[in-house]
Amino acid sequence: MTDSDPQAESVEAVEARAADFLQRRLLRRWSEKDQAELNVWLDDATLHRVTYLRLEAGVARVEGLSDLRPPRLHRVVERLRLSFMAPFLASAVAAGLIAVFGSGAWRYFLPPPDHTYSTEVGGRALLNFADHTQIELNTNTVVHYRMTTRERTVWFEKGEAWFHVAHDAANPFTVIVGTHRVTDLGTEFVVRRSSRDMEVALLKGRAALSTDGAQTALLAPGDEAVATPVSMSVTKKTAKELADELAWRRGMLVFRNTRLADAVKEFNRYNTTKLVIADPSIADLKFTAELRTDHYEGFLGLAETVLNLRVNRQGNDILISRGFREKTKKTVRAKRSSSEAIAHARSNSEAVAQ
Amino acid sequence: MGGARTEDAVSAWFVREILPLEAVLMRYLRRNWKNASDIVDLRQEVYTRTFDAARSRIPDDARRFLLVTARNLLIDTVRHEQIVPIESMADLDALDIPSDMAGPDREAAARDELRHVKAALERLPPKDREAVTLTCIEDLPMREIAARMGVNKSTVSRHLASGLRALVDMLYGEEGRPGGKS
């Protein structure tokens, strides 16, 4: 592995090459082929490896400056694979699928093992496909997908994801969520899946949501549909509400007059340290703030200083309970340490009083 | 024998334990080697030897190991070149820098990390700094970086590459308390 004659290649030239790999990785689409090329070069000589590691470590330190900014996105690039199936076989399979879906039995249809992508708690990933479709996965999300020139299907196992679909009438895009599916008609939308329910919010374009019982809803921008295995309802959301819901794409959470209990639930989606409301009487306190998804300390700071609550760490949990003295009828403003958001909150009693 | 795993473990160790000692290594090399234009080559060779050795076993005392490797390299080089500049040998045995010195140093470095990196960034040539900032901190796509800088993509690449190289030299190689005067 060691270059027997490191002098053959100048230290300067090696560093230039390493810097070139690095800038490409940071700026361009970085494919598996690029990674393979880099790996070969790294394995070629230890000098290559130490030089690259040193530059890369420097980049990590500079990225550390963005600590107050959203966590860095993990970018993935996927090429569309050519379908390897002979046309007649493909159509036979497609016909088979339609038959299965048509019978209402497709809830039992398991995703094919083509590709799986998942994010951990607190993670985020952007998948770029060669057809310009993008899928951004939020925290704790699992999707399986088959993206070929003949078929574009995503099996949504859990979590939340934003889709920007490049429309192609000849190759429709389908997201299967349990017993529901969303068929794109040229769109940008978000899908969330909890234990039983699924939600789709349409940002742009059109999409059809169909459910097991052959119920189909055509969604327009601003529509947010909630579907359970047996029912489906559609509500209208304002652009602002939808933008708030999508703040996670910037690594942020936006709370507007949000119940403490709901905010806690949101933070717990993104962090392995779990917040617990120890006193049910505080669950309905409301507050307004914009915070980083991983900045639960900031949220706890607000709870202490603004909502006047008590915060206790207990193992991996953090308990939130009522403070000794409760201030009422007082609006307090708190400035978050990381500049951009000014959060303010008020106790529920005051909200009622107004 | 789990080649890739070993490689990852050694890489992580190298970044965590060895790179932060670069300023110490540079000081040692400069003190003991007259020809300043050799220093960077020597440094990279010390790194290469250190990394190779760590593949069979990761040393317990990174600082000592690094400096012994440096000393051995200097001795080898002197022998190889068959010249013995007296002053270059003078300090070779005086490398007994107590390894516990690493402790407070490193903690201070961690505390002042942000200021240190910021200060280094500010000393980059403006275009290099812009490319590094927009790429690594703002995390913008290439197209947007090129538009903001008002240059084409290959120029962005060039500035980013040269900016990163200069920055890493400052971040790791420079003497003095990080975050201090710079």
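Because the structure is a prediction, the values reported are computed rather than measured.

Q: Give a description of the side chain of Thr273(A) that names residues and reports values.
A: Residue and element names in this part refer to chain A. Locating threonine 273 in the fold gives a position in the loop between helix H6 (260-270) and strand E14 (274-277). You can call threonine 273 buried: its relative accessible area is 10%. Within the structure, threonine 273 has its side chain in polar contact with the side chain of tyrosine 296 (distance 3.2 Å). Excluding anything up to four places from it in sequence, threonine 273 contacts Asn268, Tyr296, Arg313, Asn316 and Ile318.

Q: How would you summarise the packing of helix H9 (residues 142-149) of chain B against helix H10 (residues 153-173) of chain B if you had to cite specific residues and measurements?
A: Residues and elements named next belong to chain B. Axis separation between H9 and H10 bottoms out at 9 Å; the angle between their running directions is 90 degrees. In terms of orientation, H9 and H10 fall into the roughly perpendicular class. In contact with Met142, Arg143, Ile145, Ala146 and Met149 of H9, H10 contributes Lys153, Val156, Ser157 and His159. For the contact of H9 with H10, the per-class residue count stands at 5 nonpolar, 2 polar and 2 charged.

Q: Account for the interface of chain A and chain B, with residues named and values stated.
A: The interface of chain A with chain B comprises 35 residues on the first partner and 43 residues on the second. Summed over both sides, the interface of chain A with chain B buries roughly 3,500 Å², with 62% coming from carbon and sulfur. Joining chain A to chain B, the criterion identifies 5 salt bridges. The shortest N-O distance in the salt bridge between Arg54(A) and Glu22(B) comes to 2.7 Å. At the junction of chain A with chain B, the criterion picks out 10 residue pairs in polar contact (both at pLDDT 80 or more). Counting only elements with at least two residues in the side of chain A that touches chain B, the list comes to helix H1 (11-27) and helix H3 (46-64) of chain A. Looking at which element gives the most residues to the side of chain A that touches chain B, the answer is H3(A), with 15 residues. Residue composition of the side of chain A that touches chain B, grouped by class: 17 nonpolar, 8 polar and 10 charged.

Q: Tell me about the packing of helix H8 (residues 126-137) of chain B against H9(B), and please be specific about residues and values.
A: Residue and element names in this part refer to chain B. It is the contact of H8 with H9, at a shortest axis distance of 10 Å, that shows an interaxial angle of 145 degrees. Seen along the crossing, H8 lies across H9 with a hand that is right-handed. Contacts between H8 and H9 pair Lys127, Glu130, Ala131, Leu134 and Thr135 from the former with Ile145, Arg148 and Met149 from the latter. In terms of residue class, the contact of H8 with H9 is built from 4 nonpolar, 1 polar and 3 charged.

Q: Got a sec to walk through the environment of Gly186(A)? Specific residues and values, please.
A: All names here are of chain A. Structurally, glycine 186 is set in strand E8 (residues 180-193). For glycine 186, a relative accessible area of 24% corresponds to the partly exposed category. Sequence separation of glycine 186 and histidine 167 is 19 residues, and the distance between their C-alpha atoms is 4.4 Å. Leave out the neighbours within four places in its chain, and glycine 186 touches Val165, His167, Lys204, Gly205 and Arg206.

Q: Break down the confidence of the model for chain A for me, with residues and values.
A: All names here are of chain A. Taken as a whole, chain A shows an average pLDDT of 76; of its residues, 74% reach a score of 70 or greater. Contacts of residues 77-111 to residues separated by more than four positions or lying in other chains number 48 contacts, the stretch itself having pLDDT below 50. Under a pLDDT of 50 for its full length, residues 326-354 has, in the predicted model, 44 contacts with residues more than four places off or in other chains.

Q: Could you give me a rundown of the pairing of strand E4 (residues 134-137) of chain A, with the residues and numbers involved?
A: Residue and element names in this part refer to chain A. Where strand E3 (residues 125-129) meets E4, 4 bridges bridge the pair, whose relative direction is antiparallel. Counterpart to leucine 127 in the pairing with E4 is isoleucine 135. Taking the residues that link successive antiparallel strands as the turn, the E3-E4 hairpin has 4 residues, and the phi of histidine 132 there is positive, at about 75 degrees. As paired elements, E4 and strand E6 (residues 152-164) share 4 bridges and run antiparallel to each other. Paired with glutamate 136 across the strands is tryptophan 162, a residue of E6.

Rules of the game
Residues numbered from 1 in each chain as written. Chains lettered and ligands numbered in written order. Predicted model: local features only at pLDDT ≥ 70, side-chain atom pairs only at ≥ 80, totals over all residues. Heavy atoms only, no water. Helix = DSSP H or I, 4+ residues; strand = E, 2+ residues; numbered from the N terminus. Buried < 20%, exposed > 50% of the residue type's maximum accessible area, 1.4 Å probe, protein only. Polar contact = N/O pair within 3.5 Å; in protein donor to acceptor, adjacent residues only side chain to side chain. Contact = heavy atoms within 4.5 Å. Axes fitted to C-alpha atoms, helices over the stretch in contact; angles between N-to-C directions. Parallel < 35°, antiparallel > 145°, perpendicular 65-115°, else oblique. Nonpolar A, V, L, I, M, F, W, Y, C, P; charged D, E, K, R; others polar. Buried area = accessible area lost by both parts, 1.4 Å probe. Salt bridge = Lys/Arg side-chain N within 4 Å of Asp/Glu carboxyl O. Left-handed = near helix turned anticlockwise from the far one by under 90°. pLDDT = per-residue confidence, 0-100. Pairing = 2+ DSSP bridges.

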